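Below are the chains, spelled out letter by letter.
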Amino acid sequence: MAERECGFAPLVFRLHGGAPQVVREVLLERGWEEYDEEEQEEGDWNLYWRSSGFRNSDYENILPWQRLNHHPKMSQITRKDCLARHMRRMKIAFGTALYDFSPAAFILPNEYRKFLGVYNRNRTTDRGKSRFWICKPVDLSRGRGIFLFEDIKDLVYDSSVIVQRYISNPLLISGYKFDLRIYVCVKSFSPLVIYMHQEGLVRFATEKYTLASLDSLYSHLTNTSINKFGMCYAMDKERVGRGCKWTMSRFRSFLHKQDVNEVLLWHRISNIVTLTLLTAIPCIPSSPNCLELLGFDILIDASYKPWLLEVNHSPALSLDCPADVTVKKGLINDIIDLMNYKMIDSFRQKGYCRKRSGSRYLRPKISNGFLLPKILHAPPSGNKSWNQSVSGSSSSQDTRSNTGYATCSVHLNSKSTGHEKDPQKLYDEINDEVGSDDLKLTTFNSTRQSHRNTPSIVCKLPSLRVHKLKSPAVPWNRVTQDRGVPPCRVGDFILTFPFNEATWKASQDQADVKAITNEVHKLTNRLVSSFKEKERTKMESSQSIGSRDKFEPLLWGPKDPPLLSKCCSLNSEVK
């Protein structure tokens, strides 16, 4: 895979402390190399992955061949208090009907009086019965500090929290509460580009649901970090099985047997993701070569209405059970594919300097030396793989080692043995092979075979201590990055936004949020109407977006995602 993916030079990943082990495993399996700051130049990496956010300078100094796994200022939707504020703002601007998927929330202590007024009003209208509420610390994860209450006397907190109306009628599977962990990748915020992964997790509580005991976290919370300590975690629970997780594929099989409009349910979940991310557009600056993996927690109630619980920054990627392995390894592989690396990225600065100069190779600064592939002077051993033979180096301090070259000196006045080539001709041949971004792997393989037994009189120069790079300046247009129409599918990632030319145009530069919400509303209405008039929709679908629109969007959710044009007619008028 490494050969197919990056040509001669391996791509390099850099992990910050606390980065998931599965990321390292997947990248190494794909033939990447891990960055070593003691031996490699400062900018000599392709992917920097960390669980926490990056510094502003990391975004400012990003280079064309590099990717970061976070956008800046994502706390605007991943902090519970920020998300609550944005949801309230959007409800005021676009109506509660569109944003009815977010339960009423209050940020305490600032909004305590407002919450108290709503609490008392509910008791009056509900004939003395109060609703159930859930209290969450605004900046904690993994279920820490969460509790439920019915009586306001039980509301005790010592930090900033949000209090939300508790969805007390969840859909149950054999009496167990569950929610969906949906993996969403935001490739860009300007324009907004959203992908949703087909595989996700269904997380179960490990004790049967009951409102009689609000103190039982194993009954009300679905966080794996809590339920794995429950007494029933390892038990074989009715229909749920052992542990507390399903894959999304297994949930689809369950859903297929229920009396529910599956297409509409999946579409409503997709709408929740789009409308939630729209709230962050004014706050998050455009950053090239970044993407964000988010974990959306969705609860489905007894009437099959989906609700947004929260949005997770750096969702957990630990492999605790077989469902995790199935879902998360494929997820990481698809994320790497979504980053759209090109062969020139594997050469990093050398490749982009070559591209900038317009020449197929760069002349070496050392006049009596030239760059040779390592395989020419160090034939690989019988058991050594191609990737190891190229990336391995006996001189780790040589700054060229990461590109798969070694520096060799040639004594031009030495006598010829009859086997060697003119150094300049050989130099030109080698650079002809590595200079083109359209290089095919077969070319390299044939070259390797032809040179395997070629004797050489050259020898390596001693390793040189070179100063590390300090963000080398490579001119590139940050504004026009990734402006092409995004693919509708990458692996199991389905493009859910933009879904037509109107939304694509509205999301460019200064996003027209109103126009986008109108398009989302129209699409939902068309889906609903299509189920009421199936025969009319079938006739119209043949004239749908394919002929007029360069987008061919798929419907996220179903096992084999159909074209949206088959679910509804996107060109029909909404009444």
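An unreviewed UniProt entry annotates the chain as Tubulin tyrosine ligase-like family, member 2 of Cyprinus carpio carpio.

A. Main features of the side chain of Lys-177. Structurally, Lys-177 can be placed in strand β10 (residues 176-189). At 7.2 Å, Asp-179 is the nearest oppositely charged side chain to Lys-177, a buried residue that forms no salt bridge. A distance of 2.8 Å separates a polar atom in the side chain of Lys-177 from the backbone oxygen of His-220. Not counting chain neighbours up to four residues away, the residues in contact with Lys-177 comprise Tyr-166, Pro-170, Leu-172, Arg-203, Phe-204, Ala-205, Tyr-209, Ser-219, His-220, Thr-222 and Leu-299.

B. Highlighting the environment of Pro-315. Within the secondary structure, Pro-315 sits in the loop between β15 (306-313) and α11 (322-338). Taking relative accessible area as the criterion, Pro-315 reaches 6% and is therefore assigned buried. Linking Pro-315 and Ser-51, residues 264 residues apart in sequence, is a C-alpha distance of 8.8 Å. If near-sequence neighbours (up to four positions away) are discounted, Pro-315 is found in contact with Arg-181, Tyr-183, Leu-293, Leu-294 and Gly-295.

C. Examining the pairing of strand β8 (residues 161-165) more closely. Counting buried positions along β8 yields four of five residues, so the element is predominantly enclosed. Examined bridge by bridge, strand β5 (residues 105-108) and β8 share four bridges and lie antiparallel to one another. Within β8, the position partnered with Phe-106 by the bridge is Val-163. Relative to β8, strand β6 (residues 133-137) is paired through five bridges, and the arrangement is antiparallel. By the bridge assignment for β8, Ile-134 is matched with Gln-164.

D. Local environment of unusual backbone geometry. Along the chain, Leu-108 connects to Pro-109 via a cis peptide bond; the corresponding omega equals 15 degrees. Position of Pro-109 relative to the elements: it lies in the loop between β5 and α6 (112-125). In this chain, Ser-190 is followed by Pro-191 through a cis amide linkage whose omega measures 0 degrees. Within the secondary structure layout, Pro-191 lies in the loop between β10 and β11 (192-197). The backbone of Ser-174 shows a phi angle near 55 degrees, a positive value even though the residue is not glycine. Here Ser-174 shows up in the loop between β9 (172-173) and β10.

E. Region of the structure containing helix α9 (residues 248-256). All of the buried residues along α9 are Met-248, Phe-251, Arg-252, Phe-254 and Leu-255. Buried residues in α9, looked at end-on, bunch into an arc of 160 degrees, giving them a common side.

F. The pattern of salt bridges, seen in detail. Scanning all chains against the criterion turns up 19 salt bridges. Across the pair Asp-337 and Arg-30 runs a salt bridge whose closest N-O atoms are separated by 2.7 Å. Remark: Arg-30 occurs in the loop between α2 (21-29) and β2 (33-34) and Asp-337 occurs in helix α11; sequence separation between them is 307 residues. Assessed through its relative accessible area of 38%, Asp-337 is described here as partly exposed. For Arg-348, the salt bridge goes to Asp-44, with nearest N and O atoms at 2.4 Å. Residue Arg-348 is found in helix α13 (residues 348-357), and its partner Asp-44 is found in the loop between β2 and β3 (47-49); the two are separated by 304 residues along the sequence. The class for Asp-44 is buried, based on a relative accessible area of 7%. Where salt bridges share partners, they join Asp-179, Arg-181, Arg-203 and Asp-297 into one cluster.

G. Geometry of empty space enclosed by the protein. Scanning the model with the defined rule gives four cavities of 30 Å³ or more in all. Lining the largest cavity are 26 residues, with Ile-134, Lys-136, Leu-221, Leu-309 and Glu-310 positioned closest to its centre. Elements with a contribution of two residues or more to the lining of the largest cavity: β6, β8, β10, β14 (292-300) and β15. At three residues, the largest contribution of residues to the lining of the largest cavity is made by β6. Classifying every residue of the lining of the largest cavity by side-chain character gives 10 nonpolar, six polar and 10 charged.

H. How the structure looks around the layout of surface pockets. Roughly 1,000 Å³ of volume is contained in the largest pocket. Along its surface, the largest pocket is lined by 47 residues, and Ser-141, His-313, Ser-314, Pro-315 and Ala-316 are the ones closest to its centre. Grouping the constituent residues of the lining of the largest pocket by class yields 15 nonpolar, 16 polar and 16 charged.

I. Structural detail: the sheet that holds strand β1 (residues 12-15). Pairing is parallel across the open sheet formed by four strands, whose spatial order is β2-β1-β3-β4. Pairing within the sheet leaves two strands with one partner each, and these edge strands are β2 and β4 (67-68). Where β1 lies against β3, three bridges are found, and the strand directions are parallel. Bridging across to β3, Leu-15 finds its partner in Trp-49. In this fold α2 packs onto β1, β2 and β3, with an angle of close to 170 degrees to the strand it touches most, β1.

J. Representation of the environment of Thr-517 in the model. Mapped onto the elements, Thr-517 comes out in helix α19 (residues 513-532). Setting aside chain neighbours within four positions, we find Thr-517 in contact with Phe-94, Leu-98, Leu-275 and Leu-278. At 2.8 Å, the side chain of Thr-517 and the backbone oxygen of Lys-514 are in polar contact.

K. Broad picture of a negative patch on the surface. A cluster of acidic residues, Asp-36, Glu-37, Glu-38 and Glu-39, forms a negative patch at the surface. By the element assignment, Glu-37 lies in the loop between β2 and β3. A relative accessible area of 46% means that Glu-37 is categorised as partly exposed.

L. Broad picture of the packing of α2 against α11. Interaxial distance between α2 and α11 falls to 10 Å at its minimum, and their mutual angle equals 60 degrees. Here α2 is positioned oblique relative to α11, judged by the angle of their axes. Every pair of crossing elements has a handedness; the one defined by α2 and α11 is right-handed. Along the contact surface, α2 presents Val-22, Val-23, Glu-25, Val-26, Leu-27 and Glu-29, while α11 presents Lys-329, Ile-332, Asn-333 and Ile-336. The residue inventory of the contact of α2 with α11, partitioned by class, reads six nonpolar, one polar and three charged.

M. Expanded view of the sheet that holds β8. Spatially, four strands are ordered β5-β8-β6-β7 in an open sheet, and the strand pairing comes out antiparallel. Two strands lie at the open edges of the sheet, namely β5 and β7 (147-149), each paired on one side alone. Pairs of neighbouring strands in the sheet enclose a mean axial angle of 25 degrees, with direction left out of account. Running over the sheet, helix α5 (residues 80-94) touches β5, β6 and β8 and is turned about 135 degrees from β5. α6 rests against β5, β6, β7 and β8 of the sheet, and its axis sits at about 140 degrees to β5.

Thresholds applied
Residues numbered from 1 in each chain as written. Predicted model: local features only at pLDDT ≥ 70, side-chain atom pairs only at ≥ 80, totals over all residues. Heavy atoms only, no water. Helix = DSSP H or I, 4+ residues; strand = E, 2+ residues; numbered from the N terminus. Buried < 20%, exposed > 50% of the residue type's maximum accessible area, 1.4 Å probe, protein only. Lys, Arg positive; Asp, Glu negative; His and termini not counted. Salt bridge = Lys/Arg side-chain N within 4 Å of Asp/Glu carboxyl O. Polar contact = N/O pair within 3.5 Å; in protein donor to acceptor, adjacent residues only side chain to side chain. Contact = heavy atoms within 4.5 Å. Pairing = 2+ DSSP bridges. Arc of directions from axis to C-beta. 1 Å grid on protein atoms, 1.4 Å probe; cavity = no way out; pocket = protein on both sides within 12 Å on 5 of 7 lines; lining within 4 Å. Points joined across faces, edges and corners; volume = space filled by probe spheres on them. Nonpolar A, V, L, I, M, F, W, Y, C, P; charged D, E, K, R; others polar. Axes fitted to C-alpha atoms, helices over the stretch in contact; angles between N-to-C directions. Patch = residues over 30% accessible without salt bridge, like charges linked within 9 Å, V, L, I, M, F, W, Y side chains within 5 Å. Areas by Shrake-Rupley, 256 points an atom, 1.4 Å probe, with all protein chains shown as cover. Charge placed at Lys NZ, Arg CZ, Asp CG, Glu CD. Parallel < 35°, antiparallel > 145°, perpendicular 65-115°, else oblique. Left-handed = near helix turned anticlockwise from the far one by under 90°.

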